[in-house]
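Breakdown of the fold
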Amino acid sequence: MNNTSPDDTLLFIEDDIELIQAEPVGDQNSWNILIIDDDPDVHSATMFALQGLKIQHRNLHFLHAYTTAEARQILIHQENIAVILLDVVMEKDDTGLQLVAYIRETLGLSDVRIILRTGQAGYAPEMDAIRDFDINDYKSKTELTQAKLFTAVTSAVRSYDQIKIISSSKVGLEIIIGASGLLMTTSNLNDFAKLLLDYVFELLGTVSNAFVCTSNFTAIPNSANIDFAPGLRVIASTDQYVDWLEKPFVLVADKLEQQLVQKAQFEQRHVFDEEQTVLYLSNLAGATLAIYLDCGLVNEPNKMRVLKLFCSNASVCLDNVMLNSKMHNLAFYDPLTGLANRLQLLQNLHQTIHSQQRSESVLALIDIDHFAETNDALGHQFGDFLLRAVGIRLSNHFGDNCKIARIGNDIFALLGHEIIITPDLVLNLFNRPFIVEQQQVQLSATLGLVRFIDYELSSADALKDANIALKRAKELNRSSYSYFTREMGVEIRERVRMMHALRSAFEEKRLFIVYQPQIDMRTAKPFGTEALVRWKTEDGELIPPDKFIPIAEYSGLIINIGEWVLRSACFELVLIHELGLRDFRMSVNVSQAQFSHPHFLQSVANALADSGVSPHCLELEITESMAMTDPDFLVSSLEKLKSMGVRISIDDFGTGFSSLSHLQKLNVDKLKIDRAFVNEIAADTNDGSIAKMIVKLSQSLCLEVIAEGVENQEQANSLMAFGCNQAQGYLYSKPLNKLDLYSWLQKHL
C-alpha cells in the first residue's frame, strides 16, 4: 500500500513534466526566485510545485538560468532576488560552489538566500563551505518533496525579509548618526530645512515632491519681513514647490495639503496618509517644522520607523539651530529694524574691501537730522516706529542691490555700487514724509561717504573714515553730504606718528605688564590671572591698549611685543607657583598677526621650555575673527598648541565675524563673554540674554566660560545664575603690577 500523500510526491525523478510558462516580470509585491539548473525539467517541476504559493501575502516570481554565464548576467542586472535554487553540479562538479563564491565575495550579495540542490547521490559540499558562504539549505533532488520544497523556500524568503529589514535599519541608523553632526552645526533654519529634505530622501531611497514649512519664525531677519502675519511659511522645497518659498502657506497650498499640515501641527505628531506624509518636528523654544511628502508610507512600516527616529533626533538638533540662530541674530542684527548691525556691517565691509567689487563700491552713513529732539518731543516709542519706517523705506529702495545696516541710534549705513548709492538719490528718499501712527513726519538726513577705489585700510578704518566724512558734512552743512578725502585723514597721520612712538617705547622698555586676577565667583578665590600690556609715555601719559594695540598689529610690531609678553608672563607664572599656587593659570592674549606668524608655535614652545612652566597652566586667548581669515590654518595650529598641553580660550566671544558652525571644529577649552554683553546685565532689568546664551552654548559643548568686565555684584549674581562661575573685572580687582599682585594674592587665598 502506498502511504505517500500528494504533498510528499517526489519532484525530480520524472522527466516528462510539461514546461510551465514563465511569469511576467516581478514587482515590489512579489518575491524574486532564481532557479539555476542545466535541466529544463527541473525548472518546470519547481514552478509546478510552487505555483500558487504566497508568502507574507506576496506571490513568487521566477527567474531562470540554465548556465552559470546566464546566472551571472541575471545576478548583475536584477535587484532584490530573495532566494536562489542552485544546482551544485552543472558544467563541472564545483560549478555551483564557484557561483556561490562569486555571489557572496565578488558581487557582495549577502542578503539573498541560497538553497543548494544536487541530483548526484552521495555528493555534498563540505560543511565549511556551507557555513562560510552562508548557505541556507542543501537537498538532494531525490529526497526533495513538494512539502519540503514549500518549507525550504518559505523559510528562506522569511529569512531574506528579516535580513533586509535589519540591513535597512542599520543603514538608516548610520545615516541618522551621520546627519546629527551636520544638522547640529547648522546656524540658520533655512539651511537646516534643506538638509532635512536631503536626509529624508536618503532614508527613503528616493526623491519625492516635498516642502518644509514653519510657524512664524524667521532665521535671518530683515526689514522686509518685519510685518509678517502669523502663520506657516515654506522655507525649503523641491522644484515642484519652489514658487512657494517664503510665502504664506495658506495662500499657496491646496485644501488637502493644508489639512494634513495643520493636523500635524495641532496634534503635534506625524501624519501618515495613504498617498501623502507629514513629518512633525518641534523644539523647546516652541518653533515647529512640518515636512510634507507627496508619497504614502502606510504600507512601509520599516521606513516609517526609521523616519520617526530621524525626526526625533532632528528635533534635538533643532534646539541647537534655534539657539545658534537666535545668538547670531542678537549678535549681528538690530532687533528694532531687523537690519544688519555694526558687527554685520564690518563683516560685509571686510568682504567688499577684499573683493573685485572694491573699486566700484561706496559706503554711505546716513544720520537723521535732529532725531534726538524728535524722540524727546514725541516719545521713545514713536521714535522707534519712526526708525523702523526709515529702515523699511531704505530696504524697499536699496534692499535688492545694497547692504543696509543700522549702526547707531539714528545712523544707518548703505554699502554697494557707487552708481546706485549717490548722495542725491539717498537724500531724495527723505523728501516724502514718513507716516507713523497716522501722523506725517518730515525728516532730513546728512551723509558721509567713502569710495573704495584706492582704499587700502581695514573695514574698521573704512567705517571710521565714513564717520569722519559724516562729521565734516554736519559741521559744514546739515542735510547735505561729504565724501572722505585724504585731507580729512588727520587720524591716519596720527596713527603713523603713534606707530613710531610705540616702536621707540618698546625698544626703550617703557611698555610694562599688569595682571588682572580671574576669580571663581562661587568661592571668591583666584585661580588665574590675565597678562595685559600697558604703555606709559615719557611724560607719564597712559595710552589705552585699544589705541596702540591696533597700531602694533598694523605695523607688525605686535610680533615682538607679543613674544615679550608671552615670555614675561611664563617666567612670572613660575614665581607665582613658587608661592605654593601650583595650579595657578596665566592667560595671554594672542593677536591674529602674531598667531599667523610662521615662528609663533616655536616661540610658545621656547617660552615653555625656557621658563619651565607647566603647559596646562598657560592659556592663550585668541579672537573669534581669526576663524574668518584661514579656518584650516587655525584648526591645524590649535591642534599643535593643544599637543603641547597649552589651553586655548576664545576672547570676546560673540563679537567676532565667525559662524558658530566653526566653533565645533576648534579644539578650545574656554569661551570668554565680552564685557559689552556683561554690561547689558542691569540691576533693574536683569537682562543679559546674549551672555546667558553663550553660557548655555559653552555648557552644551562642555567648555569652560568666563565673563570679563564684571563691575558689580548684580552682574556677578546673574552670571552665576546663568551657570557662569568664572569672572574678572573691577568688582574683584583692577589690573595690578606684579608686586601688587603678590600682595593681593596673599590677602585673597
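Our subject is the structure that appears above.
A brief look at the structure comes next. Quick caveat: nothing in here was measured; it's all calculated off a predicted structure. (Residues numbered from 1 in each chain as written. Predicted model: local features only at pLDDT ≥ 70, side-chain atom pairs only at ≥ 80, totals over all residues. Heavy atoms only, no water.)

**Quick word on the sheet that holds strand β3 (residues 81-87)**
The test is simple: At least two bridges found by DSSP between two strands is the condition for calling them paired. Under the scheme used here, helices are H or I runs from DSSP no shorter than 4 residues and strands are E runs no shorter than 2 residues, and both carry numbers assigned from the N terminus. Every axis in this analysis is a line fitted to C-alpha atoms, fitted for helices over the stretch in contact. Angles between the N-to-C directions lie between 0 and 180 degrees. Residue contacts are counted whenever heavy atoms from the two residues lie within 4.5 Å of one another.
Reading across the sheet, the 5 strands line up as β2-β1-β3-β4-β5 and stay open at both edges, with parallel pairing between neighbours. On the outer flanks of this sheet lie β2 (59-65) and β5 (137-140), each paired with one strand and no other. Pairs of neighbouring strands in the sheet enclose a mean axial angle of 20 degrees, with direction left out of account. When strand β1 (residues 30-36) meets β2, the two strands line up parallel, connected through 7 bridges. Looking across to β2, one finds that Ile-35 is bridged to His-64. Here helix α1 (residues 40-50) sits on the sheet in contact with β1, β2, β3 and β4 (113-118), set at roughly 175 degrees to β2.

**Some thoughts on the nonpolar core**
The nonpolar side chains of a soluble globular protein tend to be buried, and buried together. Stated formally: Here the nonpolar core consists of buried residues drawn from Ala, Val, Leu, Ile, Met, Phe, Trp, Tyr and Cys, with membership extended through side-chain atoms lying within 4.5 Å. Only protein chains enter the calculation, and the probe is 1.4 Å; a residue is then buried if its accessible area is under 20% of its type maximum, exposed if over 50%, and partly exposed in between.
With 81 residues, the main nonpolar core has Ile-561, Val-588, Phe-595, Leu-620, Leu-638, Ile-673 and Leu-719 as its most contacted residues. By size, the runner-up hydrophobic cluster in this structure holds 34 residues, among which are Phe-192, Leu-197, Val-212 and Ile-291.

**Some thoughts on helix α6 (residues 189-204)**
Filter applied, for reference: Multiplying one less than the number of residues by 1.5 Å gives the expected span of a helix.
Look at α6: 22 Å from first C-alpha to last across 16 residues, which is about the 22 Å you get at 1.5 Å a residue. A positive backbone phi angle near 75 degrees is found at Gly-205, which sits one or two residues after α6.

**Here we look at the environment of Asn-313**
You can see Asn-313 is positioned in helix α9 (residues 301-332). Exposure remark for Asn-313: the relative accessible area of 27% places this residue in the partly exposed category. Counting along the chain gives 32 residues from Asn-313 to Leu-281, while the straight-line C-alpha distance between them is 9.4 Å.

**Thoughts on unusual backbone geometry**
Backbone geometry places Asn-80, a non-glycine residue, at a positive phi of 60 degrees. Structurally, the position occupied by Asn-80 is in the loop between α2 (68-77) and β3. Relative accessible area serves as the criterion here: at 48%, Asn-80 is assigned to the partly exposed category. The phi angle at Gln-268 is positive, at roughly 55 degrees, despite the residue not being glycine. Note that Gln-268 resides in the loop between α8 (255-267) and β8 (271-272).

**Quick word on the environment of Phe-310**
Looking at where Phe-310 falls in the secondary structure, it is placed in helix α9. Spatially, the C-alpha atoms of Phe-310 and Leu-196 are 9.4 Å apart, while their sequence positions differ by 114 residues.

**Thoughts on the sheet that holds strand β7 (residues 233-237)**
Strand order in the open sheet formed by 5 strands is β7-β6-β10-β9-β8, with antiparallel pairing between adjacent strands. Only two strands of the sheet have a single neighbouring strand rather than two, namely β7 and β8. Relative to strand β9 (residues 277-282), β8 is paired through 2 bridges, and the arrangement is antiparallel. Residue pairing in the sheet places Val-271 in a bridge with Val-278 of β9. Of the strands in this sheet, β6 (210-214), β8, β9 and β10 (288-293) touch α8, which is tilted by about 140 degrees from β10.

**Focus on the pattern of salt bridges**
Inclusion rule: One side-chain nitrogen of Lys or Arg within 4 Å of one carboxyl oxygen of Asp or Glu is enough to make a salt bridge.
Under the defined criterion, the tally for this structure stands at 19 salt bridges. The partner of Glu-530 in a salt bridge is Lys-672, and the shortest N-O contact between them spans 3.0 Å. Highlighted residues: Glu-530 in strand β19 (residues 525-536) and Lys-672 in strand β24 (residues 670-673), separated in sequence by 142 residues. Pair check on accessibility: Glu-530 and Lys-672 agree, each one buried. Between Asp-669 and Lys-642 there is a salt bridge, and its shortest N-O distance comes to 2.6 Å. Of this pair, Asp-669 sits in the loop between β23 (647-653) and β24 while Lys-642 sits in helix α21 (residues 631-644), and the two are 27 residues apart along the sequence. Accessibility expressed as a relative area gives 17% for Asp-669, which makes it buried. Taken together, the salt bridges that share partners define one network made up of Arg-585, Glu-619, Arg-647, Lys-670 and Glu-704.

Such coordinate-based values are descriptive only and should not be taken to indicate function.
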